[in-house]
Every structure is written in C-alpha cells, then in structure tokens.
Amino acid sequence: MTASRLAVRDQAPPRYPIDDFLADIGDVPATTEAVVVRRRSRDFFWYSPVLNAALNGKSADVVVSPRDEADVVRICAACLRHRIPLTVRAGGTGKYGQAVPLEGGVLLDVTGLSAIEWSRPGAVRVQAGARISDLDAALRPSGWEQRMHPSTKRTATVGGFVAGGSGGVGSVTYGGLRDPGNVLAARVVTMEEEPRILELRGAAAQAVNHAYGTTGVITALEMPLAPAWPWIDVVIAVDDFFAAVEIGQDLARADGIVKKLITPMMWPIPSYFGPARRHCPDGKAVIFAMIAEPSLEAARSIVGRRGEITYAEATDESPGHVPLYEYTWNHTTLQWLKQDRTITYLQCLLPADSIVAAQRRMWEMFPDEVYPHLEFMRFNGAVTCASLPIVRFTTEARLNEIIAAHEANGISIANPHVFTLEDGTRHMKADADQYGFKQQVDPYGLLNPGKMRSYVPVRT
Ligand SMILES: Cc1cc2nc3c(=O)[nH]c(=O)nc-3n(C[C@H](O)[C@H](O)[C@H](O)COP(=O)(O)OP(=O)(O)OC[C@H]3O[C@@H](n4cnc5c(N)ncnc54)[C@H](O)[C@@H]3O)c2cc1C
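So, a few notes on the structure that sits alongside this text. (Residues numbered from 1 in each chain as written. Predicted model: local features only at pLDDT ≥ 70, side-chain atom pairs only at ≥ 80, totals over all residues. Heavy atoms only, no water.)

1. Comments concerning the overall build of the protein
Next, step 1: If you tally the helices and strands in the protein, you get 14 helices and 21 strands.
Next, step 2: Against the compact-globule benchmark of 23 Å for 460 residues, the protein has a radius of gyration of 22 Å, which places it among compact chains.
Next, step 3: Projected onto its principal axes, the C-alpha positions of the protein cover 70 × 50 × 40 Å.
Next, step 4: Taking all 460 residues of the protein together, the buried fraction comes to 59%.
Next, step 5: Considering only contacts in the protein between residues 6 or more positions apart, those separated by 24 or more positions represent 72%.
Next, step 6: Total accessible area computed for the protein in this model is approximately 17,600 Å², and 51% of it derives from carbon and sulfur atoms.
Next, step 7: Positive and negative side-chain charges of the protein, numbering 47 and 51 respectively, have mean locations separated by a distance of 1 Å. (Helix = DSSP H or I, 4+ residues; strand = E, 2+ residues; numbered from the N terminus. Rg over C-alpha atoms; globule rule 2.2 N^0.38 Å. Buried < 20%, exposed > 50% of the residue type's maximum accessible area, 1.4 Å probe, protein only. Contact = heavy atoms within 4.5 Å. Areas by Shrake-Rupley, 256 points an atom, 1.4 Å probe, with all protein chains shown as cover. Lys, Arg positive; Asp, Glu negative; His and termini not counted. Charge placed at Lys NZ, Arg CZ, Asp CG, Glu CD.)

What follows is the structure in structure tokens.
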C-alpha cells in the first residue's frame, strides 16, 4: 500500500466502499489524499460563473493512475463490483466540468497511458493519455503532425481532445473532430462485470467522440495525420473588425494557401494579450494566423493594403515562448480572464452563407457587451466560423437572453454554461447513437454519471 493510501480521509463517512475497491485493485497507484483528490477533480469550469456556482466543491473519493490497459480493466471491474462511479481525467483542461465527478467515486487519471504504438505516413496509433504536444514532437522528424489540436496542445491529451474537445488549430483545413475521417479508430474498455476491450473502427468510433467519457474508457486512438509544414505565426492589424473578417474569409477560402489558423478578433480583446500585445496596434482589430511558409507570399497578396502585417515569424513552441495559437480558440478568453474575472464567453457556429452579416447583427444588438472573436473552420464541407465571443457577465438571465438572441438569428450555440451532453454539445456532437452504445457498455450508468442527463441505466 502506498503512503498516500494511508492518508486520513475526510471525517464524513465515505459514500462508497473505497477500501474494498482499493483492496481489489492491488498495486495500482492510487491516492485518497483529500487536497490532491479535490484539486484533480476540477477542470476549467470556472470560466463560467454559472458552472462555478454549480460545480465548485464537487470531488472524487480517490484518484487512481493505471499503468497500462490491464490496470484499466481491473479498475473498471472493481468499480462495477462495488457500484462506484468512475470519471476519466486526462489533462484536466475541459471547460464545462466534463471531468468533474458529480457523484464522487473514482477519478481515473489516464496520463500514464502515453506510448505511441505505431505510426506510418498519414496515421498514428497512440495511447489515449499521450500529451498532444509530445505526440507532434515525436512525429515531426517523419514529416507528419496531427491534423488539428486544441489551443491547449501543450497540456491536453489526445484522448481528452477526442472525448471532450471539438476542433481547433487545423480545423480551418480539416473541419472538426466530429467530421468522418478525423478519428480513425478507438480502443475502449467497457464498464461491465467483465469489462470488454472493444476496437471501434471508422463510424463506430463516433460512439466515444465528444461523449465526455460516458461511453467507455478510451485506451488508444488511431488518428489521421497531415504534412508537418514549416508554420509561420502571422499578425495582421486591420482598422475595422468586419473588414478583418472579410480578409480572413478570403484567406480561408483560398484553397491554394496552406493554413492552420485564421482568427479575427475585435479590439479591445488584443489589449489583454501578454507578449503578443506589442504586435497589436491600439484600437485595431487583428487577425492571428498560421500560414505555411511557402504560402506566405500569396497570403500577403490577399491581405494587400487592407491590413498591415505586424508580425511574421516561425511558430515557436519552445519552453518560455508563447506560440500565437495560445491567444486563439479558448485561450483568447483565458488571456482576458487573467486580468479581469468579470467576463465569460459563448461558443457559436455562424451560418456559412452570411458570416459577416450575422456577426454584424450580434454586434449591433450587444455593443460593448459581446465582443466578437471568430475562428475560421470548415463545417460540413463549407468554410464558416466558430465564434467564441467574450461576454461581459451580469446575470445568468441576461446570459440566456444573449444566447436566445443568437439562436433566433440563425447562430447555433453549444452552451458552455451547462455540463450535460444533451444541453451543451449541439453542433459539436458526433453523428452516433451514443445513448444506445452506452446501454451496451455501461449498463449501470457508472461512467461519469450526470453528464448524459437522459440516460436511464438498463440494470440496477
Ligand atoms: C484555455 C483553453 C483553451 C481550449 N481550447 C480548445 C480548443 O481549441 N479546442 C477544443 O476542442 N477544446 C479546447 N479547450 C477544451 C480542452 O482543452 C480540450 O477539449 C482538451 O482536448 C481536453 O483534453 P484533456 O486531456 O485536458 O481532457 P480532460 O479535461 O481531462 O477531459 C475532457 C473530457 O474527456 C474525458 N476523457 C478524457 N480522457 C478520456 C479517455 N481516455 N477516455 C474517455 N474519456 C476521457 C473526461 O472524462 C472529460 O469528460 C480549451 C480549454 C481551455 C481551458
């Protein structure tokens, strides 16, 4: 028994027979140290004042760290035997309490499962707990990289991205994770008396895509790759935000230009940026972009006199340096939150045929309350924008009014102020019968309970 297992637990009587569970899993590393368990039970739900109030203080009873897939099977069997809920936690960068164990129980830290099983031109097979940046670093000498990654690349895991994320840097070319072909296969451990290990290939793998770990523990993933270009971080300053969106659209639609990121943001968002602030002139909108070095000249021509390129340097992900993508996607919100906790955000999808008009309508409805930040991406084959505006938070009722106004204007909202799949995922949802799959692999409803709100266990 490890020292941490001997730590005194909270005085409150345990909700589950944790000691019996620990005896069953033998030498699998585990801790019940309250401070550690509480800290690991959190993610970035505090981005939302609504979720912060709802989820603060929720905690698992024990954190368990499998060393391999056999450990995962052992842990799932022990959870089932003692009817203890299990919630997977990887990098812990999810935003809507995805990895917060609402009913306590076991928190399964999968970051020890990080080996690359194989790679070949165009595809890699990797254990789910591998850090995304580590995987790209390992692949780069072969000339390949992951097609897309969240802006949390340096902390998040491949499995956490598939189970909790939706897209990000690279989505301007490859679409979202939900698009067929962006997850090739998943290996999954089920939550049954005798846990099965399933190989889900192609469309079958969608059963675990953006399901918050409610439909099985992913132990390995087969992911498609893209050529690893020499990427250039580019900042373009533009007088007017809507002109910046038009430039962004021209770049995104230019099929001959190889790009990974096109992010228009309205002033004063860049005024909250750390080191990159110096490339963002006062009062101007900016586009943060990643362009393949051979395409830079063509991109400059598209920008022309409409904007000023204030920065163009090779992407630098070395320690101590902040790559441009860490100001984009949900890092944009984080940069502002670092200085001002009164704001929050939304996650929207703009209609592909009226990006500028739809965004202009929202700005006119909520001036100085909802600041536009767009991310160009492909969705169902068309170039459109995810929008992650910064919202000045006043009340939950006002937030819901803003959400309703977006939806009434044809803008889809994946609400980041709720923690259930049914209420939150919307345009990020994979096309799969995840409920039906859960009936087969988690009949007692022990996997991350509460996140698939409508699920009724088929066995009790
Ligand atoms: C600053 C910031 C920026 C972000 N930018 C982006 C972005 O650009 N794009 C994007 O999509 N998301 C983004 N996110 C959300 C989050 O970073 C990503 O979804 C990330 O990929 C999650 O990975 P993780 O390893 O941290 O997973 P965790 O947060 O640990 O887990 C996420 C969910 O997946 C489940 N899970 C994790 N591993 C497994 C597994 N092996 N098997 C089954 N279930 C599992 C967890 O239970 C949880 O429900 C951002 C978040 C922050 C805070």
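From this point, the narrative continues.
2. Some thoughts on the pairing of strand E4 (residues 106-109)
Next, step 1: Taking every second residue as pointing to the same face, both faces of E4 are buried, with Val 106 and Leu 108 on one and Leu 107 and Asp 109 on the other.
Next, step 2: Bridge count for strand E2 (residues 62-64) against E4 is 3 bridges, and the pairing is parallel. Along E4, the bridge assignment pairs Val 63 with Leu 107.
Next, step 3: Two strands pair when backbone bridges link them, and strand E3 (residues 86-89) and E4 are joined in this way by 4 bridges, in the parallel orientation. The partner of Arg 89 across the bridge, within E4, is Asp 109. (Pairing = 2+ DSSP bridges.)

3. With respect to the pairing of strand E13 (residues 285-292)
Along any regular strand the residues' side chains alternate between the sheet's two faces.
Next, step 1: Across the 8 residues that make up E13, a large majority, 8, are buried.
Next, step 2: Of the two faces of E13, the one lined by Ala 285, Ile 287, Ala 289 and Ile 291 and the one lined by Val 286, Phe 288, Met 290 and Ala 292 are each fully buried.
Next, step 3: Bridge analysis of strand E11 (residues 231-238) against E13 gives 8 bridges, and the strand direction is antiparallel. Pairing of Ile 236 across the sheet is with Ile 287, part of E13.

4. Section: the packing of helix H8 (residues 241-253) against helix H11 (residues 355-365)
Next, step 1: Where H8 meets H11, the axes come as close as 10 Å, and the angle between the chain directions of the two elements is 155 degrees. Overall, the two elements H8 and H11 adopt an arrangement that is roughly antiparallel. Crossing hand, H8 versus H11: right-handed. Only Ile 355, Val 356, Gln 359, Arg 360 and Trp 363 of H11 make contact with H8, whose side of the interface consists of Phe 241, Phe 242, Val 245, Glu 246 and Gln 249.
Next, step 2: When grouped by side-chain class, the residues that make up the contact of H8 with H11 number 6 nonpolar, 2 polar and 2 charged. (Axes fitted to C-alpha atoms, helices over the stretch in contact; angles between N-to-C directions. Parallel < 35°, antiparallel > 145°, perpendicular 65-115°, else oblique. Left-handed = near helix turned anticlockwise from the far one by under 90°. Nonpolar A, V, L, I, M, F, W, Y, C, P; charged D, E, K, R; others polar.)

5. Here we look at the nonpolar core
General note: in soluble globular proteins, nonpolar side chains tend to be found buried as a group.
Next, step 1: By size, the foremost hydrophobic cluster in this structure holds 77 residues, and its most contacted members are Phe 288, Leu 346 and Phe 376.
Next, step 2: With 7 residues, H8 is the single largest residue contributor to this core.
Next, step 3: Those residues in contact with Leu 346 that sit more than four places away from it in its chain are Ser 387, Leu 388, Pro 389, Val 391, Leu 399, Ile 402, Ile 403, His 406, Ile 413, Pro 416 and His 417. (Core = buried A, V, L, I, M, F, W, Y, C linked by side-chain atoms within 4.5 Å.)

6. Concerning the site of the ligand
Next, step 1: Neighbouring the ligand are 37 residues, the closest being Val 88, Ala 90, Thr 93, Ser 166 and Gly 167.
Next, step 2: In the model, an oxygen atom of the ligand is placed 2.8 Å from a nitrogen or oxygen of the Gly 91 main chain.
Next, step 3: One nitrogen or oxygen atom from the main chain of Gly 167 is found 2.6 Å from a nitrogen atom belonging to the ligand.
Next, step 4: Isolated, the ligand exposes 970 Å² of accessible area, and the fraction of that covered by the protein chains is 99%. (Near = heavy atom within 4 Å. Polar contact = N/O pair within 3.5 Å; in protein donor to acceptor, adjacent residues only side chain to side chain.)

7. Comments concerning helix H1 (residues 18-25)
Next, step 1: Looking at H1, one finds that the buried residues are Ile 18, Phe 21, Leu 22 and Ile 25. The buried residues of H1 occupy an angular sector of 100 degrees when the element is viewed end-on, so they sit on one face.
Next, step 2: In the segment just after H1, Gly 26 is the residue with positive phi, at about 60 degrees. (Arc of directions from axis to C-beta.)

8. Here we look at empty space enclosed by the protein
Next, step 1: According to the stated counting rule, one finds 3 cavities of 30 Å³ or more in the structure shown.
Next, step 2: For the largest cavity, the calculated volume is near 70 Å³.
Next, step 3: Lining of the largest cavity is provided by Gln 146, Arg 147, Met 148, Phe 161, Leu 177, Asn 182, Met 223 and Pro 224.
Next, step 4: Of the residues in the lining of the largest cavity, the class split is 5 nonpolar, 2 polar and 1 charged.
Next, step 5: Reported here for the second largest cavity is a volume of approximately 40 Å³.
Next, step 6: In terms of lining residues, the second largest cavity is bounded by Cys 348, Leu 350, Gln 359, Met 362, Val 370, Ser 387, Pro 389, His 406 and Ile 411.
Next, step 7: Here the residues of the lining of the second largest cavity are counted per class, giving 6 nonpolar, 3 polar and no charged. (1 Å grid on protein atoms, 1.4 Å probe; cavity = no way out; pocket = protein on both sides within 12 Å on 5 of 7 lines; lining within 4 Å. Points joined across faces, edges and corners; volume = space filled by probe spheres on them.)

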